[in-house]
Amino acid sequence: MKKILVIEDEELVRNNILEILDTVDFRVIGACNGGIGVQLAEEHLPDLILCDVMMPELDGYGVLEALRNNPVTATIPFIFLTAKGDKTDIRQGMNLGADDYLTKPFRRKELLGAIEARLIKHDALYQGYAREQNRAVAPVPTVQPERPESIYYDRLTNLPNQLLVREQFEPLRDRTHEKGGWISILSIGLDRFKRINQNLGHDFGDRLLKEVAQRLSQSVHPGDILARLHTDQFAIVLASGADNGDRPTRWDPRDYSSLSTGKPMPEAIAQPILDRLTQPFCLQNREIFITASIGLSFYPQDGEDVDQLMKNAGVAMSYAKQLGGNQYQSYTPTLQSESLDDLTLETSLRYAVERQELQLYYQPIVGLEQGKIVGAEALVRWHHPQQGMIPPVKFIPLAEQTGLIASIGEWVLQTACNQTKSWQAEGLPPVRVAVNLSFRQFNQVDLSERLVRILDESGLDPSYLELELTESILVQNVELTIAKLNELKSMGVQISLDDFGTGYSSLSYLQQFPFDLLKIDRCFVQDINTNTTNAALTNAIIQMAHSLNLKVIAEGVETREELAVLYENKCDNIQGYLFSRPVEAEDFKRMLQEGKQLDLQPQSVRHLTE
């Protein structure tokens, strides 16, 4: 697995690049300035370096010069990242020995394409040098198994790579076209493979990939092409009559073709592969189960050239993953449209923080003892310059899929703490701010250090910060989770369990995890004045939480009737549209200034008052 060093002083940009590379399972190292970058390069000897030009202490030109003057690091491929893209800047870098330039802002595809091109070229040069050295040292050749050039083959699995697929496709297409046959491209991605690398190590992951390659090779026949594209993604090119002979019966297009289209039915070619991969793998005395997602595209219906067909098969594979994996999907133009929309949105989202397009809204949390505002939940909103307000339900899942959720989440934490401290400095009644932590944020190794830095920079007392976690985050590794929660609690922050009751075993965790608050999900609060089941469950949750010394917040309170039941059952706090929708910081400040509250007099508990 290739190791890449990213030297970038802007933390947001650096984290974005690291997240992109991490999603395709490069081993990544980050450096926040040029001096540290040089040290890490000498220590880790990465396979490639990405380096910003304009940096304090030691700029990118100084980094490159230092590395090229060191024989150990002199040959490492080097790509500059810069917002300065004029010819003079490029020439200066190239004269120092840079291999390529990427001008900011660049897209994910441009970044990965540049990296792939540099690594392939470097491998080819290395192989050529090795052959020359072998000729010089051993003038009498020995008989070795014939091995193709590594530039066309994956070094881990010995399978063809994407370059060889491109070269072999045109002759295959021409032969198939003459016979009036079909070609299908299968894009195969392993589901959740990244977790295997994280939990069992990259060496174990590499061995598993070799075994996967072996099983896939059992699913192809002479004339088919099996390739490894990158990391955990493979491709198979199938063609009717491609071997100029008869394909075994189970692949006979007469048996498995649709009469209307003439192309093979997807289940005939994809399902056997899925079935083969779901069989257990035994590695290092450990039994491992995996699943895969497969996308299919067909020539000529879905594309005339291999790049288009591969792209469309990849779109279908991504859709299969979104549906939960362990299935196949055929490409349709509708999927392409949705994929392009997501890609465009992803590109915009990567610059949303930098361009100050994100904004925090605050939904008041009201105490039912006095009816006053006691806190607020910070909720991120995105004002897109062209598309206007993007709903969180659309961009938050995208942020989670791409890894951007970590940098966005950190921005939310910093902004919420700064804003809360600012309100306190203005003499407003002190309130607690609640911030949701994503799965990726919570599992950051340095979460505590990041939180300490944010609290120190903002000057906010930790007791005014509440971290909200969902059960799905907590149950991944209970022992580690408890240790991390205790570490956070020791800092003085509050911990709340969000969406309580929606998990499959919430009750068993209440006594194990060090919570301070429990938030009852809207699904229990809705219609509690008429739904006896919801009313009974809500009352039971409140009583149980109080017996464990937990405060309770009811979410999604929208009617005065719901409020009356919660008040009667001695719920501690509520939030919801009945009191206020999420509002901008200035509007929330105005609520605090004006002392907006609930009137909790017995005869008017169902009424709001200013």
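Residues numbered from 1 in each chain as written. Predicted model: local features only at pLDDT ≥ 70, side-chain atom pairs only at ≥ 80, totals over all residues. Heavy atoms only, no water.

As a further point, take the sheet that holds strand S3 (residues 48–52). What the five strands build is an open sheet, ordered S2-S1-S3-S4-S5; its pairing is parallel. Edge positions in the open sheet fall to strand S2 (27–31) and strand S5 (100–103), since each of these has one partner strand only. Sheet twist, expressed as the mean angle between neighbouring strand axes with direction ignored, is 20°. Relative to S2, strand S1 (residues 3–7) is paired through five bridges, and the arrangement is parallel. The residue bridging isoleucine 7 from the neighbouring strand is alanine 31, located in S2. (Pairing = 2+ DSSP bridges. Helix = DSSP H or I, 4+ residues; strand = E, 2+ residues; numbered from the N terminus. Axes fitted to C-alpha atoms, helices over the stretch in contact; angles between N-to-C directions.)

Right, let's get into the nonpolar core. Among the nonpolar cores identified, the biggest contains 79 residues, and Leu465 and Phe588 are the most heavily contacted of them. By residue number, the principal contributor to this core is helix H14 (residues 405–425), which donates seven residues. Dropping the residues within four chain positions of it, leucine 465 is found in contact with Leu413, Cys417, Arg432, Val433, Val435, Leu451, Leu455, Leu460, Val493 and Gln494. (Core = buried A, V, L, I, M, F, W, Y, C linked by side-chain atoms within 4.5 Å. Buried < 20%, exposed > 50% of the residue type's maximum accessible area, 1.4 Å probe, protein only. Contact = heavy atoms within 4.5 Å.)

So, on to helix H7 (residues 193–200). Looking at H7, one finds that the buried residues are Phe193, Ile196 and Asn197. Along the long axis of H7, the arc covered by the buried residues comes to 95°, so they all point the same way. Opposite the packed face of H7, turned more than 90 degrees from it, sit the exposed residues Gln198 and Asn199. Elements in contact with the buried residues of H7: strand S6 (183–190), helix H8 (202–217) and strand S10 (286–288). Phi turns positive, to about 100°, at glycine 201, one or two residues after H7. (Arc of directions from axis to C-beta.)

Moving on, we get to unusual backbone geometry. Look at the link from tyrosine 299 to proline 300: it is a cis peptide, with omega at 5°. Inspection of the secondary structure puts proline 300 in the loop between strand S11 (292–299) and helix H11 (306–322). Even without glycine at this site, asparagine 158 takes up a positive phi of about 65°. Mapped onto the fold, asparagine 158 is located in the loop between helix H5 (108–137) and helix H6 (162–179). Of note, asparagine 326 is a non-glycine position whose phi angle comes to about 55°, a positive value. For asparagine 326, the position within the fold is in the loop between H11 and strand S12 (327–330).

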